[in-house]
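Residue-level listing of the chains:
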Amino acid sequence: MELPNHGANPLRLYKQLGITPPQQVIDFSENVHPFGPPTFLSKKWSEMLPLIGSYPDPDGEPFRTAAAEFHGVKVAQVATANGAAEVFTWLARRYRNQKVVLIEPAFSEYRQTLEAENVQIEEIQLHAANDWVLTEEHVANTIQDCAAIYICNPHNPTGVLVNMNVLQSIAKLCLTQECELIVDEAFIDFIGEKASFLPFLNDFPNTIIVRSMTKMYAIPGLRLGYVVSQEKTIQQLKQGAAHWNVNALSAAIGADCLKQTDYRHNVIAAATIERMKMQQFLTSYGCKTTNSAVNFLSFQLPVSKNGNLFLTDLLKAGIVLRHTETFRGMDGKWFRIGMKSAENMEKLREAIAEWLEVN
Ligand SMILES: Cc1ncc(COP(=O)(O)O)c(C=O)c1O
């Protein structure tokens, strides 16, 4: 099946498959949580409106300083971006005409941005048989002569978190091989800072950490992300950015978002409950699931079932899952679910159970 590269665009998926969307569609194909942005946003909205009448701060203030304080690093170690996605365009430019290692299956933007800069891609293929786990050996066998390796942690689309000791060993290996280590922590907020590699930045100066504000704060339309590394690396990366790359609303809202400790705890708790329930349910129906630590998981139907039929029948019932045709190694045989409200998760379980019982 020819399907879109990204989730989060259900109408395009319906159109591409020639299916008429029913009146009610629930989108589980994207990983933004369902509770909406923090409440301060709607309360302060009219107060913030005048911000659009002036040019924003070119360094993304006040967000840049807020992010530096949040992580206990110097302001000069942070560059703000139009979503984590923008950082990947800077990184690709940094590695132009060189070799970079990707871990497959991978977020499609890595390859897309790297190919646009003529970067040669070396692959590490993860496998379901090993629970999609990345090991030090994988990396040791691949990084020679490579300018960088991209590690998505927790990994999208599996949700698997790399063990911290393994990540430290990988960082050591990269340091000795003069290979930069890019850690994409777009989903780390769903576990918390205890899982972040940020405290190890000074031990491993060749590390670049990419963060997104999209997922935890439910603000994908605002576009806000950032990158943390050594000052010199940050200066070099930011050289590739458009002036005023972060708009004034995003910079103001992002700074306030980082103060939302209770909000973060509530989101993590709700996502964890729903993920565990979903995992239990799928296992009880004979499906294989990934060992996810975050607000999404991937699963495979029992071998006798037809995955294409499953995807399209659920679409007809108004349930949109993330297909995996574009995730190497999953090849359409797995499906990814983003955790949504308890009510919608129940509807999803009912739809899957009904389908599995009659097919
Ligand atoms: C693994 C991963 N990294 C980065 C991004 C980009 O996030 P942002 O919305 O901050 O550009 C995404 C978006 O889906 C993602 O899944």
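Note that the coordinates shown come from a computational prediction; the quantities given were computed from them, not determined experimentally.

What counts, and at which threshold
Residues numbered from 1 in each chain as written. Predicted model: local features only at pLDDT ≥ 70, side-chain atom pairs only at ≥ 80, totals over all residues. Heavy atoms only, no water. Pairing = 2+ DSSP bridges. Helix = DSSP H or I, 4+ residues; strand = E, 2+ residues; numbered from the N terminus. Right-handed = clockwise from strand over helix to strand, strands pointing away. Phe/Tyr/Trp six-rings, centres within 6.5 Å; stacked < 30°, edge-to-face > 60°. Buried < 20%, exposed > 50% of the residue type's maximum accessible area, 1.4 Å probe, protein only. Lys NZ or Arg CZ within 6 Å of the ring centre and 35° of its normal. Near = heavy atom within 4 Å. Polar contact = N/O pair within 3.5 Å; in protein donor to acceptor, adjacent residues only side chain to side chain. Areas by Shrake-Rupley, 256 points an atom, 1.4 Å probe, with all protein chains shown as cover. Lys, Arg positive; Asp, Glu negative; His and termini not counted. Salt bridge = Lys/Arg side-chain N within 4 Å of Asp/Glu carboxyl O. Arc of directions from axis to C-beta. Contact = heavy atoms within 4.5 Å. UniProt positions renumbered as here; feature names shortened; annotations may be inferred.

**Student:** Is there a simple way to explain the pairing of strand β4 (residues 120–125) in this structure?
**Tutor:** Consecutive residues of a regular strand have side chains that alternate between opposite faces of the sheet. Pairing between strand β3 (residues 99–104) and β4: six bridges, direction parallel. Bridging from a neighbouring strand, Glu 104 pairs with Gln 125 of β4. For the crossover from β3 across helix α5 (residues 108–116) to β4, the handedness is right-handed.

**Student:** When you look at the packing of aromatic side chains in this model, what are you seeing that I'm missing?
**Tutor:** Aromatic ring pairs are described here by two measures, namely the spacing of the ring centres and the angle between the planes. What the rule picks out here adds up to 17 aromatic pairs. Where Phe 281 meets Tyr 285, the ring centres are 5.0 Å apart and the plane angle is 45°; that geometry is what we call tilted. In this structure Phe 281 comes out as buried when scored by relative accessible area, which is 11%. Note that Arg 336 overlies the ring of Phe 296, its terminal NZ or CZ placed 5.7 Å from the centroid.

**Student:** What is the right way to look at the pairing of strand β8 (residues 225–228) in this model?
**Tutor:** Covered by surrounding structure in β8 are Gly 225 and Val 227 together with Tyr 226 and Val 228, the residues of both alternating faces. Both strand β2 (residues 78–81) and β8 contribute to a ladder of four bridges, which runs antiparallel. Along β8, the bridge assignment pairs Thr 80 with Tyr 226. Here four bridges tie strand β7 (residues 207–212) to β8, and the two strands are oriented antiparallel to one another. Across the sheet, residue Ile 209 finds its bridge partner in β8, namely Val 228.

**Student:** Please explain the site of the ligand as it appears in this structure.
**Tutor:** The environment of the ligand is formed by 14 residues, the closest being Asp 184, Ser 212, Thr 214, Lys 215 and Arg 223. Contact between the ligand and Asn 156: an oxygen atom at 2.9 Å from a side-chain N or O atom of the residue. Lys 215 places a side-chain nitrogen or oxygen 2.6 Å from an oxygen atom of the ligand. Coverage of the ligand by the protein amounts to 90% of the 400 Å² it exposes when considered alone.

**Student:** I tried to follow the side chain of Lys 215 on my own but got confused; where do I start?
**Tutor:** Mapped onto the elements, Lys 215 comes out in the loop between β7 and β8. Summary of buried charges: Lys 215 has no salt-bridge partner, and the nearest side chain of opposite charge, Glu 30, is 7.0 Å away.

**Student:** Got a minute to help me understand helix α1 (residues 10–17) in this structure?
**Tutor:** Within the sequence span of α1, burial applies to Pro 10, Leu 13 and Tyr 14. One side of α1 holds all its buried residues, which, seen down the axis, span an arc of 100°. Turned more than 90 degrees from where α1 packs its buried face, Leu 11 and Lys 15 sit exposed. For α1, the elements touching its buried residues are β1 (26–27), α11 (307–316), β11 (319–320) and β12 (322–323).

**Student:** Please clarify how the sheet that holds strand β10 (residues 296–300) should be interpreted in this entry.
**Tutor:** Sheets are built from strands that pair by backbone hydrogen bonding, the pairs being arranged parallel or antiparallel. The strand order across the open sheet formed by four strands is β9-β10-β13-β12, and the pairing between neighbours is antiparallel. Lying at the two open borders of the sheet, with one neighbouring strand each, are β9 (288–289) and β12. In terms of strand pairing, β10 meets strand β13 (residues 334–338) through five bridges, oriented antiparallel. Residue pairing for β13: Phe 296 is matched across the bridge by Gly 338.

**Student:** Please clarify how the UniProt feature "domain: Aminotransferase class I/classII large" (unreviewed entry) in the protein chain should be interpreted in this entry.
**Tutor:** According to UniProt, the positions carrying the feature "domain: Aminotransferase class I/classII large" (unreviewed entry) are residues 24–352. For residues 24–352, the end-to-end C-alpha separation is 17 Å, with 36% helix and 16% strand making up the annotated structure.

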